[in-house]
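Survey of secondary and tertiary structure
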Amino acid sequence: MQADPDAQDTGQAVLLLVDGRPLMVDTSMNVLAALMAAGRLCARRSVSGEPRFGLCGIGYCQECRVTIDGQAHRLACQARCRDGMVIVTDGASQN
Amino acid sequence: LSALPSKAAIVVLGAGPAGLAAAHAASEHGQRVTLIDENFAPGGQIWRGGPSRWRDRSAHVLWRALRERPHVNFQGGVRLVASTEANTLLLDTGNGARHLEWERLILCAGARELLLPFPGWTLPGVTGAGALQAMLKGGLPLDGAHVVVAGTGPLLLVVADSVRRMGGRLAALAEHRGTRELARFAGQLALHHPGKLAQALRLFAGLKGAPYLRGATVLAAHGDTRVRSVLLRHRGREVELECDFLACGFGLLPNTEVASLLGCEVGPAGVLVDAQQRTSRAGVWAAGEASGIGGVDQALAQGRIAGLSATGRTATRAELQTLTRARAFGTLLACSFAPLPALREICRPSTLVCRCEDVRAAQLAVHLDWRSAKLHTRAGMGACQGRVCGAACEFLFGWQARAVRQPIFPTSAATLAGAMPMACAAPEKDEQQ
């Protein structure tokens, strides 16, 4: 077996940039958890402008889409936190 | 991503209990097996988060054995988006597209939650029940947050237990089924599945006096930029409870999209399989929740049987008996916790049912079927492709709403373009010659 998925949960501290603000989290968290830790519970705005956040937690509801390192429509619940990651949500306007 | 081959004799899709058991059985005599999953870590949902978070011994046993087999290849973070040719899958690796040609395919696509619409369910902080569990495994810090767990089914107890263990405060567990029905379920467990009863009692004891409301119905979530409270009806009275998170689950649904895509027959309970877990399509097997909700023991037993069958062997009598026992538990669950028709009432005419396109129940209710509703309202045509609202509409309106189209998950144009050479390369070559 070649891949090493066990290497994941080491819990190293990393620095993210969420809507322009620095956020310290650790690598055992996914981006959804990191956003929750920062109290930023708006991943996207719905077509009628409502704030939306993760519903299913496992990658099918598509409610937690954010922009990660310039890539739009990434699912926060399926993205692992990496040092220097730049995350942009649609929640920026509400603050 | 060099580890992922472009051709494989046996591909197992999904690395939850069924997929791990299937890969384990199929590879035990040296056969090459490629196991892929859309999550980075193996384990599926029940064993989510990878080996370092597993508490179940069978997960470690399977994974340790697989790791020791050089002929087994695991690739996580890979999502199936389409089937480009008869035996070729198009995968989105998050880092470009890949094709994977298979000879034999074992589908272990698992399940998702039935999420039912009610006023306020679109507020941030309202999640599925299993969803909150997944978020906790993904590192969500609760730090004393107040959580209400609601809906129906034994999963609620598991989630409530996790909330407490992970530092949250359980404001209430609100189960839709009444005390008498729960007692009947417990009686059946005592008779036929004593191990499960012990597990349930442990979880129940773990509630440590937090309110366990039976016969309770979620009526609405209230809040502004996030959920602040939930309105429940309990014993004819309305109760409002403050909360930071509301986790609502109404049971599980089999993920049948991939099977449909590949032309396998699908029934109301999941992908149709025979006693060897073979689907209606030659060379394709299905195991675990995708072929019928039944829990982890059933998934392990079916995965093993599928892995054996895919390599020309048959299960022993003992293995078949294990499956029979596990299936009985699945049947008991289905009978005891199927969402009751009364839950249709929690969706009000003004409730958004399709969250991708913001379509309200009243806009849908005038249609006769799912197709008409989709064409006129765009419900089910957004990013989730009806995985949430289609299932809700099946429950609310009795529609058949499980159509599947490619790509079966949203993906980048670049990934789809990755599929193009297969169709377009030939004429291009001709021109060059």
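Residues numbered from 1 in each chain as written. Chains lettered and ligands numbered in written order. Predicted model: local features only at pLDDT ≥ 70, side-chain atom pairs only at ≥ 80, totals over all residues. Heavy atoms only, no water.

This part is about the overall build of chain A. If you tally the helices and strands in chain A, you get 1 helix and 7 strands. Listing each helix as α and each strand as β along chain A from the N terminus yields β-β-α-β-β-β-β-β. With 95 residues in all, chain A has 56% of them scored as buried. Restricting to contacts in chain A with at least 6 residues of sequence separation, those with at least 24 account for 39%. (Helix = DSSP H or I, 4+ residues; strand = E, 2+ residues; numbered from the N terminus. Buried < 20%, exposed > 50% of the residue type's maximum accessible area, 1.4 Å probe, protein only. Contact = heavy atoms within 4.5 Å.)

With that settled, the discussion passes to the overall build of chain B. When you go through chain B residue by residue, the secondary structure sums to 13 helices and 21 strands. Taken against the 2.2 N^0.38 rule, which gives 22 Å for 433 residues, the C-alpha radius of gyration of chain B at 22 Å falls within 12% of a compact globule. Dimensions of chain B, computed from C-alpha atoms along their principal axes, come out at roughly 75 × 50 × 40 Å. When contacts within chain B are restricted to residue pairs at least 6 apart in sequence, those whose partners lie at least 24 apart make up 63%. Split by element, the accessible area of chain B, about 18,300 Å² in all, is 54% carbon and sulfur. (Rg over C-alpha atoms; globule rule 2.2 N^0.38 Å. Areas by Shrake-Rupley, 256 points an atom, 1.4 Å probe, with all protein chains shown as cover.)

Further remarks concern the sheet that holds strand S10 (residues 169–175) of chain B. Residues and elements named next belong to chain B. In space, the 5 strands of this open sheet follow the order S8-S15-S9-S10-S11, with parallel pairing throughout. Either end of the sheet is taken by a strand with one partner, and the two such strands are strand S8 (126–127) and strand S11 (212–214). Relative to strand S15 (residues 245–249), strand S9 (residues 146–151) runs parallel, the two being bridged by 5 bridges. Within S15, the residue paired with glycine 151 across the bridge is glycine 249. Contacts from helix H4 (residues 155–165) reach S9, S10 and S15, with the element oriented near 175° to S10. (Pairing = 2+ DSSP bridges. Axes fitted to C-alpha atoms, helices over the stretch in contact; angles between N-to-C directions.)

Let's shift gears to the interface of chain B and chain A. Residue-level contacts link 53 residues of chain B with 40 residues of chain A. The largest per-residue losses of area from chain B upon contact with chain A belong to Phe40(B), Met135(B) and Arg355(B), which jointly make up 15% of the total buried on that side. Linking chain B with chain A are 2 salt bridges. A salt bridge links Glu63(A) to Arg355(B), with the shortest nitrogen-to-oxygen separation between them at 2.6 Å. For the pair chain B and chain A, the interface holds 13 residue pairs in polar contact (both at pLDDT 80 or more). Secondary-structure elements contributing two or more residues to the side of chain B that touches chain A are helix H2 (57–67), strand S3 (72–75), strand S7 (111–113), S8 and helix H3 (129–137) of chain B. (Buried area = accessible area lost by both parts, 1.4 Å probe. Salt bridge = Lys/Arg side-chain N within 4 Å of Asp/Glu carboxyl O. Polar contact = N/O pair within 3.5 Å; in protein donor to acceptor, adjacent residues only side chain to side chain.)

We now examine the packing of helix H1 (residues 17–26) of chain B against helix H8 (residues 296–310) of chain B. Residues and elements named next belong to chain B. Direction vectors running N to C along H1 and H8 enclose 30°, while the axes themselves pass 7 Å from each other. If you check the angle between H1 and H8, you find them roughly parallel. In the packing of H1 onto H8, the handedness of the crossing is right-handed. Contacts between H1 and H8 involve Pro17, Ala18, Ala21, Ala22, His24, Ala25 and Ala26 from the first element and Val296, Ala299, Leu300, Gly303, Arg304, Gly307 and Leu308 from the second. (Parallel < 35°, antiparallel > 145°, perpendicular 65-115°, else oblique. Left-handed = near helix turned anticlockwise from the far one by under 90°.)

What follows concerns the nonpolar core. Counting 80 residues, the largest nonpolar core has Leu107(B), Phe118(B), Leu246(B) and Val353(B) as its most contacted members. Beyond its immediate sequence surroundings of up to four residues, Phe118(B) is in contact with Val126(B), Val218(B), Leu219(B), Ala220(B), Ala221(B), Leu246(B), Cys248(B), Ile346(B), Cys347(B) and Thr351(B). In this structure, Ala79(A), Leu140(B), Val149(B) and Leu333(B) belong to the second largest nonpolar core, which totals 56 residues. (Core = buried A, V, L, I, M, F, W, Y, C linked by side-chain atoms within 4.5 Å.)

In a beta sheet, neighbouring strands pair by backbone hydrogen bonds and run either parallel or antiparallel. All names here are of chain A. Spatial strand order, S2-S1-S7-S5-S6: 5 strands in an open sheet with mixed pairing. Only two strands of the sheet have a single neighbouring strand rather than two, namely strand S2 (21–26) and strand S6 (71–75). Between one strand axis and the next, the sheet turns by 40° as a mean value, whatever way the strands run. Examined bridge by bridge, strand S1 (residues 13–18) and S2 share 6 bridges and lie antiparallel to one another. The partner of leucine 16 across the bridge, within S2, is leucine 23.

Residues and elements named next belong to chain B. Most of H1 is tucked away, with 10 of its 10 residues classed as buried. Of all the residues in H1, the buried ones are Pro17, Ala18, Gly19, Leu20, Ala21, Ala22, Ala23, His24, Ala25 and Ala26. The elements touched by buried residues of H1 are strand S1 (7–13), strand S2 (33–36), H2, strand S6 (97–107) and H8.

In this section: the environment of Ser412(B). With respect to the helices, strands and loops of the structure, Ser412(B) is situated in the loop between helix H12 (389–397) and helix H13 (413–432). Distance from Ser412(B) to Gly96(B), taken between C-alpha atoms, is 8.8 Å for residues 316 residues apart in sequence.

Once that is clear, we can look at a nonpolar patch on the surface. There is a patch of nonpolar side chains on the surface, built from Leu17(A), Val86(A) and Val88(A) and spanning about 200 Å² of accessible area. In this structure Leu17(A) comes out as partly exposed when scored by relative accessible area, which is 34%. (Patch = residues over 30% accessible without salt bridge, like charges linked within 9 Å, V, L, I, M, F, W, Y side chains within 5 Å.)

Residues and elements named next belong to chain B. In this structure, threonine 93 sits in the loop between strand S5 (88–92) and S6. Side-chain polar atoms of threonine 93 contact the backbone nitrogen of asparagine 95, separated by 3.1 Å. Within the structure, threonine 93 has its side chain in polar contact with the backbone oxygen of glycine 96 (distance 2.7 Å).

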